[in-house]
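Notes for the structure review
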Amino acid sequence: MDIKVDAAVNINNRTYDVEKIRSDFPILKTKVHGKQLVYLDNAATTQKPLYVIDKTNNYYNKYNANIHRGVHALSQEATEEFESARIIVKNFINALGKNEIIFTRGTTESINLVASSYGRKNIKEGDEIIISTMEHHSNIVPWQMLCAEKKAKLKVIPINDQGEIIFEEYEKLISEKTKFVSVVYASNSLGTVNPVRKIINLAHSYNIPVMLDAAQAVNHIKIDVQELDCDFLAFSGHKLYGPTGIGILYGKVNYLDGMPPYQGGGDMISKVTFEETTYNELPHKFEAGTPDIAGAIGLGAAIEYVQNIGLENIAHYENQLLNYATNAVSDLQGLRIIGTAKEKISVLSFHLENVHPHDVGTFLDFEGIAIRTGHHCTQPLMKRFNIPATSRASFGLYNTKEEVDVLVRGLTKILEVFG
Amino acid sequence: MEQELRELYQEVILDHNKSPRNFRAIEHPTNFAEGYNPLCGDNINIFLIVNDEGIIEDISFQGSGCAISKASASLMTSILKGKTIEEAENVFEKFHELVTDKLGDNPNIDDLGKLAVFAGVREFPARVKCASLAWHTMINALHNKKEKAVTE
Ligand SMILES: Cc1ncc(COP(=O)(O)O)c(C=O)c1O
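Now for a quick tour of the structure.

Conventions used here
- Per chain, residue numbering runs from 1 following the sequence as it is written.
- Chain letters start at A and ligand numbers start at 1, both assigned in the order the entries are written.
- For this predicted model, a pLDDT threshold of at least 70 governs which residues receive local features, and a threshold of 80 or more governs which side-chain atom pairs are given and counted, while totals over whole chains, interfaces and linings are taken from all residues.
- Here the side-chain values reflect all heavy atoms present in the structure, with hydrogen atoms and water set aside.
- Secondary structure follows DSSP: runs of H or I at least 4 residues long count as helices, runs of E at least 2 residues long count as strands, and numbering of each begins at the N terminus.
- As defined in this context, the radius of gyration uses C-alpha atoms, and a globule is described by 2.2 Å times the residue total to the power 0.38.
- The buried label applies to any residue whose accessible area, calculated with a 1.4 Å probe on protein chains only, is under 20% of its type's maximum; exposed applies above 50%, and partly exposed to all values in between.
- Should any heavy atoms of two residues lie within 4.5 Å, those residues are counted as being in contact.
- A residue counts as positive if it is Lys or Arg and as negative if it is Asp or Glu; His and the chain ends are not included.
- Lys charges are placed at NZ, Arg charges at CZ, Asp charges at CG and Glu charges at CD.
- Computed by Shrake-Rupley with a 1.4 Å probe, the accessible areas treat only the displayed protein chains as cover when residues are assessed.
- The criterion for strand pairing is that DSSP finds at least two bridges linking the strands in question.
- Centres within 6.5 Å make a pair out of two Phe, Tyr or Trp rings, where for Trp the six-membered ring is used; the pair is then stacked when the planes are under 30 degrees apart, edge-to-face when over 60, and tilted otherwise.
- For a ring to carry a charge above it, either NZ of a lysine or CZ of an arginine must fall within 6 Å of the ring centroid while also lying within 35 degrees of the normal to the ring plane.
- Buried area is understood as the total, over both parts, of accessible area removed when two parts are fitted together, assessed with a 1.4 Å probe.
- The rule for a salt bridge is simple: a side-chain nitrogen of Lys or Arg has to be within 4 Å of a carboxyl oxygen of Asp or Glu.
- Handedness rule for crossovers: strands pointing away from the viewer, path from the first strand over the helix to the second running clockwise, crossover right-handed.
- Side-chain atoms within 4.5 Å link the members of a nonpolar core, which is a set of buried Ala, Val, Leu, Ile, Met, Phe, Trp, Tyr and Cys residues.
- Per the annotation, domain bounds derive from an automatic or database assignment of domains.
- Being near a molecule or strand, for a residue, comes down to having at least one heavy atom within 4 Å of it.
- Counting of polar contacts relies on pairs of N or O atoms within 3.5 Å, with two restrictions inside protein: one atom must be capable of donating a hydrogen and the other of accepting it, and residues adjacent in sequence are counted only when both atoms are side-chain atoms.
- Take the residue count of a helix, subtract one, and multiply by 1.5 Å to get its expected span.
- Axis definition: a line fitted to C-alpha atoms, over the contacting stretch in the case of helices. Angles run 0 to 180 degrees between N-to-C directions.

1. Quick look at the overall build of chain A
Counting its regular elements, chain A contains 14 helices and 19 strands. Its C-alpha atoms give chain A a radius of gyration of 22 Å, within 12% of the compact-globule value 22 Å for 419 residues. Taking the principal axes of the C-alpha coordinates as reference, chain A spans close to 75 × 55 × 40 Å. Across the 419 residues that make up chain A, the buried fraction comes to 58%. Sequence separation of 24 or more characterises 72% of the internal contacts of chain A that already satisfy a separation of 6 or more. In chain A, 42 positive and 49 negative side-chain charges are present, and the distance between their average locations comes to 3 Å.

As structure tokens, then:
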């Protein structure tokens, strides 16, 4: 089969020029062990374009000040940039209002916020919370902690051998006892894109709120929270070509309004006396303390960067790459792809017979290739597939067909040594 | 293959990875421990039969792991059979110094015999845990500690 990946393709009347895109990312010129870096660990974190780096530096170079509390010029400029980043995020996921966009440290903190605040207030003994087998530890542990505290039960939707949620099993699990559903939109270990629309619809027919872990989805799939009708959604800036240490919690305003604050401190109050405190309005109620101001501005810039290329164009291109890579590795002896769902983001997890993923990782590193090896923070999922770990190549908007070829040559060498 | 890689994956290591020695369970061990590497999810079980004189009569392992950890466990079991507990502890210390670079650039690897093949691990700090998991687990088994050995 001949699968085409054009370096400069015309999609939706816009040119996807991967060479030009690569030149936006200074790090891609790096050499590793004397070889050209081939960065295929985008599901762990993505590289940052100069546009994002510059915007972040600009804040520190030109208008560094604290926000929401100064009358001086720098503080006003910083506040304006910070708040306009919030509007960029709001428009990016099509939220109803900017008060539904809360800045957090990342996906992990967003999920913990909901489990702590919404969960502690609403989950009672005997209640049930539903997640799936393919969750990242960050969408397992907060719910486990909540369940332990409240004597509630965690129910897990099983998956099939392709790595897809078995919807009929979800239908069987959900009941009057279910009080919350939290599932991953796209799996970091398998690449599976879950039928979130259907999952939400079913939960809503029982009046159960649904949270989506969109950490791996935001940079591949156009998200419209109103159309999806999800109640909460979480993602991280660093997987979207933005900085680390910043992320988003989206929540419907009627839920957020009824939730107690997650942390207490500055910015989240409107009035404090030693007798009592009145909380600030949304979204500030959930943003105690000085946030990662540069991070928020950088995240806004990253979204602008991605939107300028167009998420549909990126998805189209990455899908071609995934197909090309899937096809290329299929010829390798003893290679088994873990995660063969019909709908996938550009994640290629695999297991080489008789070669442990750690050995694969060390060998590829010497070819300049960065991939992730291990359990990918999804140990229960590894158990489901009866393997301790996988090797995972994950593709971003700047990867090329030639880089896939370098990967395949590296894997071929490994098979020669261990064969 | 690059020089550093070749030093890490020596023929002896590849061979022990492919056909590990003493890769079996012992039905009634006098000493036993489980080891676990949280970084990669690998696990190893070490079985020993230590007689009344404190001599290791039999030693074996089971589990899953990378080439480095499997070869390390395999070589360890081959070397420790017939040794006393004290001798085993001494070899462990030397081995640990070897892979963590404490022996310096010119390690006195003569006393280490075959274990010298693990000298290359020093260049790969991320892989030191792989090489030492079996050893930590063996020490735990000798002390018959109930908790799991965790390479952290
Ligand atoms: C699916 C998924 N959920 C959650 C997370 C956690 O994201 P963060 O570490 O940025 O909080 C990740 C990151 O690895 C992920 O891939």
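2. Some words on the overall build of chain B
Of regular secondary structure, chain B possesses five helices and four strands. For chain B, the residues scored as buried account for 49% of the 152 residues in total. Taking the intrachain contacts of chain B between residues at least 6 apart in sequence as the baseline, contacts between residues at least 24 apart amount to 58%. About 7,200 Å² of surface is accessible on chain B, with carbon and sulfur atoms providing 47% of the total.

3. Overview of the pairing of strand 12 (residues 247-251) of chain A
As a general feature of sheets, a regular strand has side chains that alternate between the two faces. Residue and element names in this part refer to chain A. In terms of burial, strand 12 is largely enclosed, as five of its five residues are buried. Where burial is concerned, the two faces of strand 12 agree: the one with G247, L249 and G251 and the one with I248 and Y250 are both buried. The sheet contact formed by strand 6 (residues 101-104) and strand 12 spans four bridges and is antiparallel. Looking across to strand 12, one finds that I102 is bridged to L249.

4. Some thoughts on the packing of aromatic side chains
By the definition in use, this model includes 23 aromatic pairs over all chains. Seen from their ring centres, F366 of chain A and F124 of chain B are 5.7 Å apart, and the 45° between their planes marks the pair as tilted. Here F366 of chain A is found in the loop between helix 12 (357-365) and strand 17 (369-370), whereas its partner F124 of chain B is found in the loop between helix 4 (85-99) and helix 5 (128-142) on a different chain. Residues F366 of chain A and F124 of chain B agree in their burial class; the two are buried. Through a chain of ring-to-ring contacts, the aromatic side chains of Y118, W143, F180, F232 and Y255 of chain A assemble into a single cluster. Here the basic side chain of K198 of chain A rests over the ring of F167 of chain A, its NZ or CZ set 4.3 Å away from the ring centre.

5. What to know about the interface of chain A and chain B
With 16 residues of chain A in contact, the opposing surface of chain B contributes 23 residues. For the pair chain A and chain B, the summed buried surface comes to about 1,500 Å²; carbon and sulfur atoms form 60% of the total. The interface formed by chain A and chain B includes one salt bridge. Ionic pairing is found between D359 of chain A and R127 of chain B, a salt bridge with its closest N-O pair at 2.9 Å. Elements with a minimum of two residues in the side of chain A that touches chain B: helix 12 and helix 14 (401-418) of chain A. Considering every element that reaches the side of chain A that touches chain B, the biggest residue donor is helix 12 of chain A, with four residues.

6. A word on the pairing of strand 10 (residues 210-213) of chain A
Residues and elements named next belong to chain A. With burial as the criterion, each face of strand 10 is covered, one bearing V210 and L212 and the other bearing M211 and D213. Bridge count between strand 9 (residues 178-184) and strand 10: four bridges; the pairing is parallel. Across the sheet, residue V184 finds its bridge partner in strand 10, namely D213. The handedness of the strand 9 to strand 10 crossover, carried by helix 7 (residues 196-205), is right-handed. With three bridges joining them, strand 10 and strand 11 (residues 232-236) adopt parallel strand pairing. Note on strand 11: the bridge partner recorded for D213 is A234.

7. Comments concerning the side chain of H238 of chain A
Inspection of the secondary structure assignment puts H238 of chain A in the loop between strand 11 and strand 12. Aside from chain neighbours lying at most four places away, what touches H238 of chain A is A44, T45, T46, K48, P243, T244 and I246 of chain A.

8. With respect to the pattern of salt bridges
Residue and element names in this part refer to chain A. All told, the structure shown has 18 salt bridges over all chains when counted by the stated rule. Its salt-bridge partner being D41, residue R392 comes within 3.5 Å of it at the nearest N-O pair. Pair noted here: R392 is in strand 19 (residues 390-394) and D41 is in the loop between strand 5 (38-39) and helix 2 (50-62), with a separation of 351 residues, a long-range link. Residues R392 and D41 agree in their burial class; the two are buried. Overlapping salt bridges bring together K35, E367 and K413 as one network.

9. Some remarks on the nonpolar core
As a rule of thumb, soluble globular proteins bury nonpolar side chains together. Judged by nonpolar contacts, the single largest core of 155 residues is most densely connected at L411 of chain A together with F118 and M138 of chain B. Taken domain by domain, the makeup of this core includes at least three residues from each of domain 1 (8-32 + 310-418) and domain 2 (53-307) of chain A. The contacts of M138 of chain B, once residues within four sequence positions are left out, are I46, L48, I59, M76, L80, A88 and F92 of chain B. Judged by nonpolar contacts, the second largest core, of 23 residues, contains I102, W143, C147 and M211 of chain A.

10. Some details on the site of the ligand
Residue and element names in this part refer to chain A. Surveying the vicinity of the ligand reveals 13 residues, the closest of which are T108, D213, Q216, S236 and K239. Within the side chain of S236, one N or O atom sits 2.7 Å away from an oxygen atom of the ligand. One nitrogen or oxygen atom from the side chain of H238 is found 2.7 Å from an oxygen atom belonging to the ligand.

11. Digging into helix 3 (residues 73-93) of chain A
Counting along an α-helix, one turn takes 3.6 residues, and residues three or four places apart therefore face a common direction. Here helix 3 of chain A spans 31 Å end to end across 21 residues, near enough to the 30 Å set by a 1.5 Å rise per residue. N94 of chain A lies just past helix 3 of chain A and shows a positive phi near 55°.

12. Quick look at the sheet that holds strand 15 (residues 335-338) of chain A
Residue and element names in this part refer to chain A. Taken together, the four strands give an open sheet; going across it, the order is 15-16-19-18, and neighbouring strands pair in antiparallel fashion. At either end of the open sheet lies a strand with only one pairing partner, and these are strand 15 and strand 18 (372-374). Ignoring which end each strand starts from, the neighbouring axes of this sheet average 30° apart. Contacting strand 15 and strand 16 (347-352), helix 11 (residues 311-329) runs over the sheet at an angle of about 10° to strand 16.

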